[in-house]
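Now for the letters of each chain:
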Amino acid sequence: MVLPSMRLDGKVAVVTGAGSGIGAAVAVAMAEAGADCVVTELPDRLGSLEPVCAQIRACGRRALPLPLALPGLDSIAALVGDGVREMGRIDILINNAGVNIPREALEVTESDWDRVLDVNLKGLFFMSQRVAREMIKSGGGRIVNIASQNGVVGYYRRAAYCASKAGVVNLTRVLALEWAQHQINVNAVGPTFILTPLTQSTFDDPTLRADLLRRIPLGRVGQPEDIVGAVVFLCSPAAALITGHTLLVDGGWTAI
Ligand SMILES: NC(=O)c1ccc[n+]([C@@H]2O[C@H](COP(=O)([O-])OP(=O)(O)OC[C@H]3O[C@@H](n4cnc5c(N)ncnc54)[C@H](O)[C@@H]3O)[C@@H](O)[C@H]2O)c1
């Protein structure tokens, strides 16, 4: 048998922002691939994890819903402490939680900028740092950052968002370099526009929707399910020698 496995049997995965959109689909896919899952949500959105946990358990895997409010370092420490205590260790971290405040660059306020950079970049970094310390103790792991195609190309009304995701793409390379010695692979997935609560208002605008479709050579909007294969692959034995890479799932947007 030459083909390596894409299974994650016996692994423990943490998926942040798993109550909706891409995070919910990724968490269920991790369970379908054989992983037990710690799924996180903002404290006031914990209820949104119930259907996700039900789907994980229907796969015969353990599901542990926990609160996380990025970029709070206390919140991160509590989550990782509780997760390791309940599940034994963490093998996989999917840094999915993210926000966007679409606004013309001339209108962006300091608080808009800080919010987007705090959650998308600072929160992702300190979450990775805290989990990497656990992975080092247990001999290694996989981290997958949900970046964006907007980390490698620009798009209108997304100054802070594009800056944060470009930061994620290059941070992925640095963490891959530093943590390779600990057998921690760090990669990113860069989705194109995917239909989720984050992008609903963009897709509701017929002019914007037409512009997006025109830029996606494969000619359709993405669904959360379009992202999960890339994420599971990067966590699996099949991707053992891949690190520091951003895998774009963009329907060809950046190929032009
Ligand atoms: N939808 C897209 O078109 C698209 C494209 C490229 C990348 N992404 C990225 O994919 C990820 C998921 O996005 P989505 O489209 O599923 O959006 P979503 O809004 O459906 O999900 C984001 C999740 O993050 C959680 N979250 C928000 N702020 C948080 C915080 N401070 N601390 C902890 N959790 C927080 C939310 O509660 C939510 O569950 C994000 O990082 C986003 O930037 C999305």
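Quantities reported herein were computed from a predicted structural model and do not represent experimental measurements. (Residues numbered from 1 in each chain as written. Predicted model: local features only at pLDDT ≥ 70, side-chain atom pairs only at ≥ 80, totals over all residues. Heavy atoms only, no water.)

Here the focus is the overall build of the protein. When helices and strands are tallied, the protein shows 8 helices and 7 strands. The C-alpha radius of gyration of the protein comes to 17 Å, within 12% of the 18 Å expected for a compact globule of 256 residues. Projecting the C-alpha coordinates of the protein onto the three principal axes gives extents of approximately 50 × 45 × 35 Å. Residue burial in the protein is summarised as follows: out of 256 residues, 51% are buried. Within the protein, counting contacts between residues at least 6 apart in sequence, those at least 24 apart form 73% of the total. When the accessible surface of the protein is totalled, it reaches about 11,500 Å², and 56% of it is carbon and sulfur. (Helix = DSSP H or I, 4+ residues; strand = E, 2+ residues; numbered from the N terminus. Rg over C-alpha atoms; globule rule 2.2 N^0.38 Å. Buried < 20%, exposed > 50% of the residue type's maximum accessible area, 1.4 Å probe, protein only. Contact = heavy atoms within 4.5 Å. Areas by Shrake-Rupley, 256 points an atom, 1.4 Å probe, with all protein chains shown as cover.)

General note: in soluble globular proteins, nonpolar side chains tend to be found buried as a group. Formed by 36 residues in total, the largest nonpolar core has its most connected members in M30, V39 and I94. Counting only elements with at least two residues in this core, the list comes to strand 1 (12-15), helix 1 (21-32), strand 2 (36-41), helix 2 (50-58), strand 4 (92-95), strand 5 (141-146) and helix 8 (225-235). Broken down by element, this core gets its largest block of residues, 9 residues, from helix 1. Core analysis: the next-biggest nonpolar cluster, separate from the first, contains 31 residues, V14, L79, L93 and I184 among them. (Core = buried A, V, L, I, M, F, W, Y, C linked by side-chain atoms within 4.5 Å.)

Okay, the packing of helix 4 (residues 110-138) against helix 5 (residues 159-179) next. In the contact formed by helix 4 and helix 5, the axes pass within 8 Å of each other and the chain directions differ by 15°. Considered as vectors, helix 4 and helix 5 are oriented roughly parallel to each other. Like other packed secondary-structure pairs, helix 4 and helix 5 cross with a definite hand, here right-handed. Two secondary-structure elements touch here, helix 4 through W113, V116, L117, N120, L121, L124, F125, S128, Q129 and A132 and helix 5 through A159, A160, Y161, A163, S164, K165, G167, V168, L171, L175 and W179. (Axes fitted to C-alpha atoms, helices over the stretch in contact; angles between N-to-C directions. Parallel < 35°, antiparallel > 145°, perpendicular 65-115°, else oblique. Left-handed = near helix turned anticlockwise from the far one by under 90°.)

With the rule as written, the count across this model stands at 5 aromatic pairs. Arranged with centres 5.4 Å apart and planes meeting at 70°, the rings of Y155 and F193 form a pair that is edge-to-face. Separated by 38 residues along the polypeptide, Y155 in the loop between strand 5 and helix 5 and F193 in the loop between strand 6 (184-191) and helix 6 (200-204) bring together distant segments of the chain. For Y155, a relative accessible area of 9% gives the class buried. (Phe/Tyr/Trp six-rings, centres within 6.5 Å; stacked < 30°, edge-to-face > 60°.)

Summarising the sheet, strand 2 and strand 3 (residues 63-67) pair through 5 bridges and their orientation is parallel. Counted as the bridge partner of C37 is A63 from strand 3. This β-α-β element, strand 2 to helix 2 to strand 3, shows right-handed connectivity. (Pairing = 2+ DSSP bridges. Right-handed = clockwise from strand over helix to strand, strands pointing away.)

Around the ligand, the surrounding shell holds 29 residues, and the nearest of these are S20, E41, Y161, I194 and T196. Contact between the ligand and I22: an oxygen atom at 2.8 Å from a main-chain N or O atom of the residue. One nitrogen or oxygen atom from the side chain of E41 is found 2.3 Å from an oxygen atom belonging to the ligand. Taking 820 Å² as the accessible area of the ligand by itself, protein coverage stands at 95%. The set of elements that each furnish at least two residues to the shell around the ligand consists of helix 1, helix 4 and helix 5. Counted by class, the shell around the ligand contains 16 nonpolar, 9 polar and 4 charged residues. (Near = heavy atom within 4 Å. Polar contact = N/O pair within 3.5 Å; in protein donor to acceptor, adjacent residues only side chain to side chain. Nonpolar A, V, L, I, M, F, W, Y, C, P; charged D, E, K, R; others polar.)

Along the chain, the position of S148 falls in the loop between strand 5 and helix 5. Classification of S148 as buried rests on a relative accessible area of 4%. In this structure the side chain of S148 is engaged in a polar contact, spanning 2.8 Å, whose partner is the backbone nitrogen of N150. Aside from chain neighbours lying at most four places away, what touches S148 is Y161, K165, V189, G190, P191 and L248.

So, to be careful, I would describe these as geometric facts and stop short of saying anything about function.
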